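Coordinate inspection notes
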Amino acid sequence: MKIEVLGTGCSRCKQLHENTMQAVIAADVEADVSKVEDITEIMRYGVMSTPALVIDGVVKTVGKVPSVDEIKKLLK
Amino acid sequence: MLANLASYLVFTVLGLAKGSRLGEAANFFVYDTIKIFLLLITIIFCVAVIRSYFPPEETKRFLSRGKEYVGNVLAALLGIVTPFCSCSAVPLFIGFVESGVPLGVTFSFLVSSPMVNEIALIMLWGLFGWKIALIYIGSGVMIAIISGIVIGKLRLERFVQDYVYTIKMGETAATEQTFRERLKNARNYTVPLLKKIWPYVIAGIGIGAFIHGYAPEGFLVKYAGPQNPFAVPLAVLVGVPLYSNAAGVIPITQALMEKGMATGTVLAFMMAVTALSLPEAIILKNVLKLRLLITFFGIVAAAITLTGYLFNAIL
């Protein structure tokens, strides 16, 4: 599973990255989590409010920081 | 009722003397703190729910159909309800430009969105009353409309960083939310935001309380009263680089106004603080060439200064 956290480096983006890492461990899934900070890459997903969470190329959440539990549900 | 609770806490529980400087400052502090936090919790939550119906992706689609003038008005109004944080300014700007929203209309949005925000409104309403809050929204929206129209007329498209025009945006499927999810998201938004701003609120109210209790009556009349023609531009100059923390600044300005600062000057100062800031300039430098950035700040600062003079003259 490929997970990307889109964000230009604000505090909410870091929080989302952290929550995602915790969710991956808690859900016990094989996943490659990466941060995408390049604006051209972010725009390619059509995202206008950061942070956003992308799982296997599909935008799951935009402009908010979902909790660890919510991300766990998205991972299934 | 809140006022009674505050004076009970200060004068009865803490035993401070009524009319003493410390007592008055403490009373101001306790009353404002309770009132502001109650307002903040309720209104941030409600606005977060309302906002979930106006995601920026929708706003963009809506504005890209519009023309100038009507578009500027719509953009300024949508700026009130659309979520905006300065860290999203770049993707937002690119998204607007890419989908064909005129540059001037984009700027109307960029001005109104941070300036006319719910935190500023709550603080103004709670501390100054609803009239000042309404004047603030009204003039904020007007400034956004006019600045956007002027920037549009100047034809500054070539001063947008070139790479912006090369970006191709993908389509995002809009995620539909149930009402329950909206409430939950609103809670997830309100709690961290309050955690982030509470120290500024307390610090602002603290400084305001100090001025309230210790500064002599009318000591600002000479410097910042309606008679001093330089007070407004000076307030704007000081306010522009400051980072918008409406929550922290407004209690201070309330105390300043009480000590004789003119209403228009106070409004101009608050607008300068919320609408423009140094961190915002640094972020926008990523998408704007220096000339457009300076033009943008210049026009908005000029519009705010004029608004300040206007209200000093009529209020």
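Summary of the structure given here. A quick note: this is a predicted structure, and the numbers were derived from the prediction, not measured.

1. Notes on unusual backbone geometry
Across the junction of Thr50(A) and Pro51(A), the peptide omega takes the value 0°, indicating a cis bond. In this structure, Pro51(A) sits in the loop between helix H2 (39-44) and strand S3 (52-55). At Asp56(A), a position not held by glycine, the phi torsion is positive, near 50°. Of note, Asp56(A) is situated in the loop between S3 and strand S4 (58-62). Its identity as a non-glycine residue notwithstanding, Arg155(B) has a phi of 50°, on the positive side. In this fold, Arg155(B) is placed in the loop between helix H8 (130-153) and helix H9 (179-214).

2. Regarding the packing of helix H3 (residues 56-64) of chain B against helix H5 (residues 89-98) of chain B
All names here are of chain B. Between H3 and H5, whose axes approach to 9 Å, the crossing angle comes to 30°. Relative to H5, the element H3 lies roughly parallel. The interaxial crossing formed by H3 with H5 has right-handed handedness. For the pair H3 and H5, the contacting residues are Pro56, Thr59, Lys60 and Leu63 in the first and Leu92, Gly95 and Phe96 in the second.

Criteria and cut-off values
- Residues numbered from 1 in each chain as written.
- Chains lettered and ligands numbered in written order.
- Predicted model: local features only at pLDDT ≥ 70, side-chain atom pairs only at ≥ 80, totals over all residues.
- Heavy atoms only, no water.
- Helix = DSSP H or I, 4+ residues; strand = E, 2+ residues; numbered from the N terminus.
- Axes fitted to C-alpha atoms, helices over the stretch in contact; angles between N-to-C directions.
- Parallel < 35°, antiparallel > 145°, perpendicular 65-115°, else oblique.
- Left-handed = near helix turned anticlockwise from the far one by under 90°.
- Contact = heavy atoms within 4.5 Å.

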